[in-house]
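# Tertiary structure, described
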Amino acid sequence: MALFHSFQAIPLKISLFFCFLSGLAEAQIVSSDSLRRADSLFSAGDQVNAARIYEIALAEGHTATDPMLLKLASAYERQNDVPRLLYYLDVYFERHPDDIVLRRMNDIARANNLSGYETDDLNYFYLFYRKYGLYVLLFLLIPAGYVFTVLLLKSFRKQPILTRQKWVIFIYLFMLLIFTNLPEGVQSGIISHDRVLLRTDPSAAAPIVEVIGRGNKVSILGTKDIYLRILWRNNLYFIRRDNVWII
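Procedures and definitions
- Just so you know, the residues in each chain are numbered from 1, in the order the chain's sequence is written.
- Two thresholds apply to this predicted model, a pLDDT of at least 70 for residue-level local features and 80 or more for giving and counting side-chain atom pairs, whereas whole-chain, interface and lining totals are computed over all residues.
- Here the side-chain values reflect all heavy atoms present in the structure, with hydrogen atoms and water set aside.
- Each helix corresponds to a stretch of at least 4 residues labelled H or I by DSSP, and each strand to a stretch of at least 2 residues labelled E; elements are numbered beginning at the N terminus.
- A simple rule labels every residue: compare its accessible area, found with a 1.4 Å probe on the protein chains alone, to the largest value its type can have, and call it buried under 20%, exposed over 50%, or partly exposed in between.
- In this description, contact between two residues means that some pair of their heavy atoms is separated by no more than 4.5 Å.
- All accessibility values rest on the Shrake-Rupley procedure with a 1.4 Å probe; residue burial counts only the protein chains present in the view.
- For two strands to count as paired, DSSP must find a minimum of two bridges between them.
- By convention in these notes, a salt bridge is any Lys or Arg side-chain nitrogen within 4 Å of a carboxyl oxygen on Asp or Glu.

Below, the discussion takes up the overall build of the protein. Secondary structure summary: the protein contains 7 helices and 7 strands in total. Secondary structure elements in the protein, listed N-terminal to C-terminal, are α-α-α-α-α-α-α-β-β-β-β-β-β-β. The buried share of the protein, taken over its 247 residues, is 31%. Long-range contacts, defined here as pairs at least 24 residues apart, represent 52% of the contacts in the protein between residues at least 6 apart. Carbon and sulfur atoms provide 61% of the accessible area of the protein, an area that totals close to 16000 Å².

Following this line, the structure appears as structure tokens:
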């Protein structure tokens, strides 16, 4: 009897599945129509309404294209909304690291007394890593592969391996691991509200160290419940997650 009811439920499940696919396809069509309308509005000079439609599409889960990011940046520049302008430029920069975009963000930030966009050595290292990191990694893997092969052959031939050689390859591989993973483990975020509180601990009862304004950029080093652990002016603080646009 239970088997009979199970077979009866199969057509219902199939029907629900196709209804879900139909709804998903309809949503994608609506989203595409909205984006075409936003493109038309942007071309006609109505960047305010175009940006609003783009934002709705992003909130519904649509993936931002590169032209969309640049259009949103342009629209918010026209509206003098500097934090959102910097946010979309930074998202674009994450995809396409470029010195021109980095300098542009720095100029805008300096003109508006915002911190976190400095063209310092750290940012240039990050730019270099994003542009050429893969090639550097492949270059560094060549000697690592050679040394590993030599040690493997010595092991097969039962030849002695000096402790110093083991330590050298271990340290080399450890540094290679750090080079590969360290930049990827750090995220950036832009403060999305005015008068955001920086605390010493991830708690509403923790002392307030500083208050920073909308548009400043911080480095995110981890999370703790509803708080983000951030690096701000070479010090570690905690900030509520809902006060940050994570890039």
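Back to the text.
This part takes up the pairing of strand β5 (residues 227–232). Looking at chain direction, strand β4 (residues 217–224) and β5 are connected through 5 bridges and run antiparallel. In the sheet register, K224 faces β5, and the bridge partner there is Y227. What sits between the antiparallel neighbours β4 and β5 is a turn of 2 residues, in which D225 has the positive phi angle 60 degrees. Relative to strand β6 (residues 235–240), β5 is paired through 6 bridges, and the arrangement is antiparallel. Counted as the bridge partner of L228 is I239 from β6. Hairpin remark: β5 followed by β6, antiparallel, with 2 residues in the connecting loop; positive phi at R233, about 55 degrees.

Another aspect to go through is the side chain of S188. Along the chain, S188 turns up in strand β1 (residues 187–191). Since its relative accessible area comes to 17%, S188 is described here as buried. Sequence-distant contacts of S188, defined by excluding residues within four places in its chain, comprise K217, V218, I220, W245, I246 and I247.

This next bit is on the pairing of β4. Of the pairings in the sheet, the one linking β1 to β4 comprises 4 bridges and is antiparallel in character. Bridged to S188 within β4 is S219.

This part is about the pattern of salt bridges. Counted under the stated rule, the structure contains 11 salt bridges. The salt bridge partner of R103 is D99, with a shortest N-O separation of 3.1 Å. One end of the pair is R103 and the other is D99, both in helix α5 (residues 99–111) and 4 residues apart, which spans about a single turn. Overall, R103 belongs to the partly exposed group, its relative accessible area being 43%. Members of the salt-bridge network, linked through shared partners, are E55, D81, R84 and R214.

Right, let's get into unusual backbone geometry. Positive phi, close to 55 degrees, is recorded for N113, a residue that is not glycine. Within the secondary structure, N113 is located in the loop between α5 and α6 (121–156). Here N113 falls in the exposed class, since its relative accessible area comes to 71%. Residues other than glycine seldom take positive phi values, yet N234 does so here, at roughly 65 degrees. When you line up the elements, N234 lands in the loop between β5 and β6.

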